[in-house]
Amino acid sequence: MRFWFASTPILLLSAILIIANWIAQPQSTLRPKVFVIGLSKTGTTSIGDALALLGYKRLGWKDIRSRHLVHTWANGDYGALVDQTRFYDAFEDLPWPRMFREMAELYPDSRFILSLRRDEQVWLESMRRHVGRGAWQPYACFYGAMEVEGNEATVLSAYRNHTTDVREFFADKLERYAEMNIDDGDQNWEILCSIAECPQGRIPAVPFPKSNTATHWNHNVLVDLLHWMWSWTITRLEEWSAASYYQDGWQSTNALLSACWSVIDVVEQACSELYFKLVVRQQAPLEVR
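Remember, predicted model here, so these are calculated numbers, not experimental data.

1. Side note on the packing of helix H6 (residues 120-131) against helix H8 (residues 152-169)
- Where H6 meets H8, the closest approach of the two axes is 11 Å, and the angle between their N-to-C directions is 120°. As far as their axial angle goes, H8 and H6 are oblique. Once H6 is placed against H8, the crossing between them reads as right-handed. Listed contacts from H8 to Glu-120, Gln-121, Trp-123, Leu-124 and Arg-128 of H6 are Glu-152, Val-155, Leu-156, Tyr-159 and Arg-160.
- Partitioning the contact of H6 with H8 into residue classes produces five nonpolar, one polar and four charged.

Rendered as structure tokens:
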């Protein structure tokens with residue numbers, strides 16, 4: 001009897017993981033993939049929301065998962081990123097903007113959208129606010145600095161160089177590529193529908209999403225404090241775990257980190273799959289113009 005009570009939690013956890021793993025299997029009906037490869041604060045979330053409205057199973061920024069993927073990418077480990085592509089048909093936010101070459105080769109039928117801002121100074125100010133919410137080591141990998149203040153020229157250079165690199169790569173692949181200025185509002189539906197699959201091949205009759213703006217971050221003092229504490233805690237944990245895993249940490253610790261990530265991965269994939277099937281697929285069809 002004592003053994004039964006001791007083993008019950010293990011049996012329940014095993015059953016949950018088996019069911020979650022069954023639910024989390026990748027679909028066989030995913031569309032040709034769409035990658036939004038603009039840098040932060042260029043409207044990537046808005047475009048991802050638009051793709052979700054079109055019924056795409058989309059992987060946007062998920063705090064813990066995306067931070068993990070950024071660190072694996074920064075350490076030259078692309079396996080976790082490639083594995084994620086089996087489960088979704090639309091992708092945006094970091095680190096995908098720096099994976100366009102690999103994804104274009106891996107998926108010959110994939111399409112790419114470079115999101116931009118109409119004015120690079122507007123983008124720089126938006127980045128100043130965004131990065132100012134908390135230091136994060138990987139910012140240096142994408143923008144050459146961990147903060148914008150005092151590094152404006154470096155950050156702007158990263159933006160310009162990324163735009164140049166993307167345009168040069170797709171110069172002979174224009175049928176797979178489009179550019180989108182998020183400041184153009186509803187005009188972006190026409191561009192998106194030239195890349196993605198829109199209902200009946202026509203433009204949806206709804207406003208183009210405008211997400212993750214400065215107003216979305218304006219909360220009361222208590223909410224802001226709680227958000228800061230959460231971000232600080234997650235940031236320190238991710239930096240510690242990445243340093244341990246990729247810089248010769250203890251073998252036992254790394255084995256535990258790997259096991260924990262495997263469990264988180266399966267459970268989150270299962271939740272994502274259930275959400276897509278029960279919510280996204282059941283939403284009413286978009287009206288078209």
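2. Topic: the confidence of the model for the protein
- With 82% of its residues at a pLDDT of at least 70, the protein reaches an overall mean of 83.
- Low confidence marks residues 2-6, where pLDDT is under 50. Its contacts with residues over four positions away, or in another chain, come to one contact.

3. Examining the pairing of strand S4 (residues 111-116)
- The element S4 is extensively covered by neighbouring structure, given that five of its six residues are classed as buried.
- Bridge count for strand S1 (residues 34-36) against S4 is three bridges, and the pairing is parallel. What sits directly across from Val-34, in S4, is Arg-111.
- Pairing of S4 with strand S5 (residues 177-181), which is carried by five bridges, proceeds in the parallel orientation. Counted as the bridge partner of Leu-116 is Asn-181 from S5.

4. Focus on the sheet that holds S4
- One open sheet holds the five strands; their spatial order is S2-S3-S1-S4-S5, and the pairing between them is parallel. Edge strands, defined here as strands with exactly one partner in the open sheet, are strand S2 (58-59) and S5.
- Contacting S4 and S5, H8 crosses the sheet at an angle of about 150° to S4.
- Relative to S5, helix H9 (residues 188-195) is tilted by about 160°, and along the sheet it contacts S1, S4 and S5.

5. Considerations on the pattern of salt bridges
- Throughout the structure, instances matching the rule amount to 12 salt bridges.
- In this structure, Glu-179 and Arg-167 form a salt bridge, with 2.7 Å as the shortest nitrogen-oxygen distance. Taken as a pair, Glu-179 in strand S5 and Arg-167 in helix H8 lie far apart in primary sequence, 12 residues in all.
- A residue is classified by how much of its surface remains accessible, and Arg-167, at 41% relative accessible area, is partly exposed.
- The salt bridge involving Asp-172 is made with Lys-173; its shortest N-O contact spans 3.0 Å.

6. Some words on the side chain of Asn-181
- Inspection of the secondary structure assignment puts Asn-181 in strand S5.
- With relative accessibility at 17%, the residue Asn-181 sits in the buried group.
- Among the polar contacts made by the side chain of Asn-181, one reaches the main-chain amide nitrogen of Asp-183 at a distance of 2.9 Å.
- Other than its neighbours up to four places away in sequence, Asn-181 contacts Leu-116, Arg-117, Arg-118 and Asn-188.

7. What to know about the packing of aromatic side chains
- Inspection of the entire model under this criterion finds 18 aromatic pairs.
- Between Tyr-139 and Tyr-143, the aromatic rings sit 6.3 Å apart at their centres with planes inclined by 45°, giving tilted as the arrangement. With a gap of four residues between them, Tyr-139 and Tyr-143 both fall in helix H7 (residues 139-143), about one helical turn apart.
- A relative accessible area of 7% places Tyr-139 in the buried class.
- Residue class for Tyr-143 comes out buried when judged on its relative accessible area of 1%.
- In textbook terms, an aromatic cluster arises when at least three aromatic residues are bridged by ring pairs, as seen for Phe-35, Tyr-88, Phe-91, Trp-96, Phe-100, Phe-112, Phe-169, Phe-170 and Tyr-177.
- If you follow Arg-31 out to its NZ or CZ, it ends over the ring of Tyr-56, 4.2 Å from the centre.
- Its guanidinium or amino end placed over the ring of Tyr-107, Lys-33 lies 5.1 Å from that ring's centre, counting from NZ or CZ.

What counts as what
- Residues numbered from 1 in each chain as written.
- Predicted model: local features only at pLDDT ≥ 70, side-chain atom pairs only at ≥ 80, totals over all residues.
- Heavy atoms only, no water.
- Axes fitted to C-alpha atoms, helices over the stretch in contact; angles between N-to-C directions.
- Helix = DSSP H or I, 4+ residues; strand = E, 2+ residues; numbered from the N terminus.
- Parallel < 35°, antiparallel > 145°, perpendicular 65-115°, else oblique.
- Left-handed = near helix turned anticlockwise from the far one by under 90°.
- Contact = heavy atoms within 4.5 Å.
- Nonpolar A, V, L, I, M, F, W, Y, C, P; charged D, E, K, R; others polar.
- pLDDT = per-residue confidence, 0-100.
- Buried < 20%, exposed > 50% of the residue type's maximum accessible area, 1.4 Å probe, protein only.
- Pairing = 2+ DSSP bridges.
- Salt bridge = Lys/Arg side-chain N within 4 Å of Asp/Glu carboxyl O.
- Polar contact = N/O pair within 3.5 Å; in protein donor to acceptor, adjacent residues only side chain to side chain.
- Phe/Tyr/Trp six-rings, centres within 6.5 Å; stacked < 30°, edge-to-face > 60°.
- Lys NZ or Arg CZ within 6 Å of the ring centre and 35° of its normal.

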